[in-house]
Amino acid sequence: MIVELGHFALVLALALALVQSVLPLIGARVGDARLMETGSTTALGGFVMLALAFAALTHAYVVSDFSVLNVAENSHSAKPLLYKITGVWGNHEGSMLLWVLILSFFGALVALFGRDLPASLKANVLSVQAWITVAFLLFILLTSNPFARLDPPPFEGNDLNPILQDIGLAIHPPMLYLGYVGFSIAFSFAVAALIDGRIDAAWARWVRPWTLVAWVFLTAGIAMGSYWAYYELGWGGWWFWDPVENASFMPWLSGTALLHSALVMEKRSALKIWTVLLAILTFSLSLLGTFLVRSGVLTSVHAFATDPTRGVFILGILCVFVGGSLALFALRASSLEGGGLFAPISREGALVFNNLFLTTACATVLIGTLYPLVLEVTTGAKISVGPPFFNLTFGPLMLPLLFAVPFGPLLAWKRGDLLGAAQRLYFAAGAAFVAVLFVMAITQGAAILSALGVGLAVWLMIGSFVDLWGRASFAKAGFSNALRRLAGLPRSVFGTAIAHFGLGATLLGIVAVGAFGTETVTTMAPGQTVHAGGWGVRFEGLAPRDGPNFTEEVGRFTILDGTSEAGRIESARRLYTARQQPTTEAGISTHLFSQVYVALGDAVANGGQTVVRIWTKPLVTLIWLGCVAMAIGGLVSLSDRRLRIGAPARAKRRGGRPIAEPAE
Amino acid sequence: MTRKQKRLAGIGGMVGVVALAVGLVLQSLSTSIAFFNSPTDIVSNAPVPTQRIRLGGLVEQGSVERGADSKVRFRVTDSVETVPVVYAGLLPDLFREGQGIIAEGTLGPDRVFLADTVLAKHDETYMPKEVVDDLKKRGLWEDGNGMVAPKGGDAPAGEPVAMTGAGS
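The rules behind the values
Within each chain, residues carry numbers counting from 1 in the order of the written sequence. To read the labels, note that chains go from A and ligands from 1, taken in the order they are written. Confidence filtering applies because this is a predicted model: local features only for residues at pLDDT of at least 70, side-chain atom pairs given and counted only at 80 or more, and all residues used for totals across whole chains, interfaces and linings. The numbering of helices and of strands both runs from the N terminus, where a helix is a DSSP run of H or I of at least 4 residues and a strand a run of E of at least 2. Taken over C-alpha atoms, the radius of gyration is set against a globule rule of 2.2 Å times the number of residues to the power 0.38. For every residue pair, C-beta atoms are placed from the backbone, and the pair is scored as a contact if these atoms sit within 7 Å. Burial is judged by counting the other C-beta atoms within 10 Å of a residue's own C-beta: 20 or more makes it buried, 12 or fewer makes it exposed, and any count in between marks it as partly exposed, with every C-beta position built from the backbone. We define the nonpolar core as any set of buried residues of the types Ala, Val, Leu, Ile, Met, Phe, Trp, Tyr and Cys, connected via C-beta atoms lying within 7 Å of each other. Known as pLDDT, the predictor's confidence for each residue is given on a scale from 0 to 100. When residue character is reported, Ala, Val, Leu, Ile, Met, Phe, Trp, Tyr, Cys and Pro are called nonpolar, Asp, Glu, Lys and Arg charged, and the others, Gly included, polar. The criterion for strand pairing is that DSSP finds at least two bridges linking the strands in question. An expected span of 1.5 Å times one less than the residue number is assigned to each helix. Note on geometry: axes are C-alpha line fits, over the in-contact stretch for helices, and angles between N-to-C directions span 0 to 180 degrees. Any angle from 65 to 115 degrees is called roughly perpendicular, while one under 35 is roughly parallel, one over 145 is roughly antiparallel, and all others are oblique. Here a crossing is taken to be left-handed if its near helix is turned anticlockwise relative to the far helix by less than a right angle, and right-handed if that turn runs clockwise.

Moving on to the overall build of chain A. Regarding its fold elements, chain A presents 22 helices and 10 strands. Taking 2.2 N^0.38 as the reference for a compact globule, 664 residues should give roughly 26 Å; the C-alpha atoms of chain A span a radius of gyration of 27 Å, in line with that estimate. Overall, the C-alpha framework of chain A stretches about 80 × 75 × 55 Å when taken along its three principal axes. Considering only intrachain contacts with a sequence separation of at least 6, the fraction spanning at least 24 residues in chain A is 74%.

Below you can see the structure in the form of structure tokens.
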């Protein structure tokens, strides 16, 4: 009964979305305030309906109602409650439902917090948002109904793929979707602006917080997915350049570019057309990501769906939205007024530099991801484009950008002083130089490239705070004065510094793991100690153990720092009984930022010996902590007075910001 | 700077970056991509030792040997030809005899495939898509039935029945 109610709510949500996609648009055309207001009502109603549908499906999972096909295929009564709930989005149908739920959630947020928006813009935005909702609801109802019944119901469910039974994956997809789908707001704003044929700095001020919210979630989601792959897959890698990872990384790259270009538009009314295009492209890449993951065109861990009708349907959605919005862009972009010119060396110039490199790098990732598909379709040849390709193309394109990051915030708008900025960065440059020398010294000059990489990371981390240091003028104003000045600075300045610092931290982690990590594969007997990368790993023995829905063989290890004990870890080979699927549960011992990572291989026949793979990962956690810092930077920036959702109009009326300098 | 110069600087920068990117992409597409090959492809048309390839097929029943040096030797078959593979390292969880895998690496001069990566997909049928497509194309695979004996030939070593069973 509850399941049918859920299905019914889903259909109602479609009906509401259909109304929402037409009426507000007409209202905006003819200037009828009541028609425009229907947008808010239907957006909120649609969200409630989808939330009900989602709750109904979750209920079916919690009570293990195996008469629902989706539950029978992906759940099991012996599964822990947490994984029953996360199992809702651990499969194709459920994850699409989550996708649409989040889409309508953002629509509802616009309806709720968009009171200060110009009425026609708000109506248009909600209509465009509803078009996307209609497309995906049709997709769910026609090709992937999560509420389909099964008759007769099986006695027991099929269980969720065990590698997905993990707390990391419980949070990863919702986060990622909040990011992906969050860009739909920027897209809707862009299309609405094109429909209106009008765009101004206030528009950019509206788009930026939404983009920032999406970006924060996407950053956190990608980092979480990366950490999940790192500890769950047991291969010790944190990024595989897998097409599914690329699918989330491309919107991140162009979303990052969008954040920066919206800044130029907000402050200087320049780059309008480019910003609109970026907003369209960013969401298009999100849609492309959804297509790649959901259509099953890729072979990858994530590709659960293999039904071609679904693929064609999503491809249709992709073509209509990308093609339609780009066509609209081509028709209407010329009617948008261009902004003023600026000197190449200026804040605007730096942000253009950022955009240029980010979008180009994004394009190379796109090529590397799609080229195998295109080649297979056109010539039938099967190739794989793996990490070497991306390291050779993406890497070199990132280097100039990373080097330039500390300069950006130090350049003035309109016309900047590169030499002056360079002078202010002397301390960061000095620290980077010392870092290079230090790495060269401890490796006896063997790792020049790694040393330079560490130097670049230090340059980024310290250079990020030079702007704050200078604005507070610690050097001149005295400590207490400087602190007071610091407290008066706009939050966005802190946000920028923290996010750029996080980027540097991530880079430091990547370089350190790549250059100084070790990997040892060996056969170990109980009591034996292996030394790797400055750590000792003692194998204590192997013992069987039973879990709720699996059995496992647990190897116990003691981590030694010199001769003293530094930690104990367990590493297991697990067998999930329902699917008879084995998994590796790696043992990870964290020491400040570094980790020792132990995975069990196969048991060797005689006397409790086993193959063990040991990785030492210096500074590896910085990779994810850096991402966390980036996300925090985004949040801090979001809390800035002028970006607070709903605040812009008021801030404008008050006129003038507390600090005369333009904030970032 | 005049307007014209500013514009030129902007366009010049863009063209430069895009040209750099195109160069990098072309360069790495020619050196760092790996072509998919079946055992038959490799036996009939041996690639040069420097070419990276992905070898896809089934792990032949009874062919896996684990050496003392933690090197694993096994043979990959498409039921017509087999190729011996050497791999140093930890095999993925789903690596088992009779299952589809992809090994990435180069072909040694002695015709032994030196794999640096072995992938077994987390897929309900445990068969990588490329391997299935390749077998299907040559009539060695049928949806629903799995591996079938090559037409007009003797069934090769191994137990075809076990090859599609989930978690055989």
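After that view of the structure, there is still more to cover.
The next subject is the overall build of chain B. From N to C terminus, chain B includes 3 helices and 9 strands. Among the 168 residues that make up chain B, the fraction classed as buried is 37%. Residue pairs in contact within chain B that sit at least 24 positions apart in sequence constitute 52% of those at least 6 positions apart.

Glancing now at the nonpolar core. One broad rule of soluble globular proteins: the nonpolar side chains tend to lie buried together. Membership of the largest hydrophobic core comes to 212 residues, with the highest contact counts inside it found for A13(A), A53(A), A186(A), F189(A), A190(A), A279(A) and A103(B). Examining the composition of this core, we find that 19 residues originate from one element, helix α8 (residues 201–232) of chain A, more than from any other. With near-sequence residues (within four places) excluded, A103(B) lies in contact with L55(B), V76(B), V85(B), Y87(B), F113(B), A115(B) and V118(B). If you look at the next biggest cluster of nonpolar residues, it comprises 18 residues, including M524(A), V612(A), I614(A) and W615(A).

To continue, consider the confidence of the model for chain A. Residues and elements named next belong to chain A. Averaged over all residues, the pLDDT of chain A is 87; the fraction at 70 or higher stands at 94%. A low-confidence stretch, residues 300–305 (pLDDT under 50), is modelled with 16 contacts involving residues beyond four sequence positions or located in other chains. Scored below 50 in pLDDT, residues 645–664 makes 33 contacts in the model with residues more than four places away or belonging to other chains.

In this section: the interface of chain B and chain A. Counting residues at the interface gives 33 residues for chain B, matched by 38 residues for chain A. Counting only elements with at least two residues in the side of chain B that touches chain A, the list comes to α1 (3–31), β1 (33–37) and α3 (129–137) of chain B. The greatest single-element share of the side of chain B that touches chain A, amounting to 14 residues, is contributed by α1(B). A class-by-class count of the residues in the side of chain B that touches chain A yields 17 nonpolar, 9 polar and 7 charged. Here 3 bridges tie strand β1 (residues 383–385) of chain A to β1(B), and the two strands are oriented antiparallel to one another. The partner of V385(A) across the bridge, within β1(B), is I33(B).

Attention now goes to the confidence of the model for chain B. Residues and elements named next belong to chain B. Averaged over every residue, the pLDDT of chain B is 72; the share at 70 or more is 68%. Of all secondary-structure elements in chain B, the lowest mean pLDDT belongs to strand β9 (residues 146–147), at 55, while strand β5 (residues 82–88) reaches the highest, 88. Contacts from residues 149–168, a stretch scored under 50 in pLDDT, to residues over four places away or in other chains number 36 contacts. Our summary of model confidence lists the complex with pTM equal to 0.87 and ipTM equal to 0.74.

Next up on the list: helix α7 (residues 167–196) of chain A. Residue and element names in this part refer to chain A. Across its 30 residues, α7 extends 45 Å between first and last C-alpha, which sits within 8% of the 44 Å expected from 1.5 Å per residue. Among the 30 residues that make up α7, 23 are buried, leaving the element largely enclosed by the rest of the structure. Looking one or two places after α7, you find G197, whose phi comes out positive at around 70°.

With that out of the way, let us pick up the sheet that holds strand β4 (residues 535–546) of chain A. Note: strands within a sheet are paired through backbone hydrogen bonds, in either parallel or antiparallel orientation. All names here are of chain A. The sheet built from 5 strands is open, its strands ordered β3-β4-β5-β6-β7 with antiparallel pairing. The open sheet has two edge strands with one neighbour each: β3 (529–532) and β7 (581–585). Taken over all neighbouring pairs, the strand axes of this sheet differ in orientation by 25° on average, direction set aside. Note that strand β6 (residues 564–576) and β7 share 5 bridges and pair antiparallel. Bridging from a neighbouring strand, A572 pairs with E585 of β7.

Packed helices, taken two at a time, are described by the angle between their axes plus the distance between the axes. All names here are of chain A. The contact between helix α5 (residues 92–113) and helix α6 (residues 119–143) brings their axes to 10 Å, and the two run at 165°. In terms of axis orientation, α5 runs roughly antiparallel to α6. Crossing angle aside, the handedness with which α5 passes α6 is left-handed. Residues M96, L97, W99, V100, L103, S104, G107, V110 and A111 of α5 touch α6, and the partners they reach there are K122, V125, L126, Q129, I132, T133, F136, L137, F139 and I140. Here the residues of the contact of α5 with α6 are counted per class, giving 14 nonpolar, 4 polar and 1 charged.

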